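Secondary and tertiary structure notes
Given next are the chains, with one letter for each unit.
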Amino acid sequence: QVQLVESGGGLVQPGGSLRLSCAASGSIFSVVAMGWYRQAPGKQRELVARITGGGTTTYTDSVKGRFAISRDNAGNTVYLQMNSLKPEDTAVYLCNALLQIGGSMLAYNYWGQGTQVTVSS
């Protein structure tokens, strides 16, 4: 059983900052990649940022220079530092993890429950 536990969402004024955390637990053999998606009302879910097991990062264009994804030394917890937040960043942010479980060579996709980020004055 794998769990992704998210924290750090909330309400912030435009220009403010928030940091999201996502901790993966369970019978994890290795982390292929972890990241954050977001979904705003009436919009498709989009990838915000992703970090691979090797440390390669990817960002959607709209957050480049404002958001930074990182992970802890064990690699099972990922953080999203969000700076200079804009109203258009308002969405539910969902943690995603591609994990090898137990002794399997296959990778499985997991999702967190989501955390609301609201940017408003």
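As the structure is a prediction and not an experimental result, all values here were calculated from the model.

A word on the pairing of strand E8 (residues 77–82). It is a general feature of regular strands that their side chains alternate between the two faces of the sheet. Taken together, the six bridges between strand E3 (residues 18–25) and E8 define a ladder with antiparallel strand orientation. Each residue of the ladder has a partner; that of Cys22, found in E8, is Val78. In this sheet, E8 lies alongside strand E7 (residues 67–71) in antiparallel orientation, the contact comprising five bridges. Along E8, the bridge assignment pairs Phe67 with Met82.

Quick look at the sheet that holds E7 now. Ordered by their spatial adjacency, four strands build an open sheet running E1-E3-E8-E7, and the pairing between neighbours is antiparallel. The outermost strands of the open sheet, each flanked by one partner alone, are strand E1 (3–7) and E7. The mean angle between the axes of side-by-side strands here comes to 15 degrees, regardless of whether they run parallel or antiparallel. Pairing analysis gives five bridges linking E1 to E3, with the strands arranged antiparallel. Bridge pairing in E3 links Leu4 to Ala24.

Within the largest apolar cluster, 30 residues are counted, with the highest numbers of intra-cluster contacts made by Trp36, Leu80, Met82 and Tyr93. For this core, the secondary structure elements donating two or more residues are E3, strand E4 (28–39), strand E5 (46–52), E7, E8, strand E9 (91–101) and strand E11 (115–119). Looking at this core element by element, the count peaks at six residues for E9. Sequence-distant contacts of Leu80, defined by excluding residues within four places in its chain, comprise Leu18, Arg19, Leu20, Trp36, Val48, Ala49, Phe67, Ala68, Ile69 and Tyr93.

Reading guide: rules and limits
Residues numbered from 1 in each chain as written. Predicted model: local features only at pLDDT ≥ 70, side-chain atom pairs only at ≥ 80, totals over all residues. Heavy atoms only, no water. Pairing = 2+ DSSP bridges. Helix = DSSP H or I, 4+ residues; strand = E, 2+ residues; numbered from the N terminus. Axes fitted to C-alpha atoms, helices over the stretch in contact; angles between N-to-C directions. Core = buried A, V, L, I, M, F, W, Y, C linked by side-chain atoms within 4.5 Å. Buried < 20%, exposed > 50% of the residue type's maximum accessible area, 1.4 Å probe, protein only. Contact = heavy atoms within 4.5 Å.

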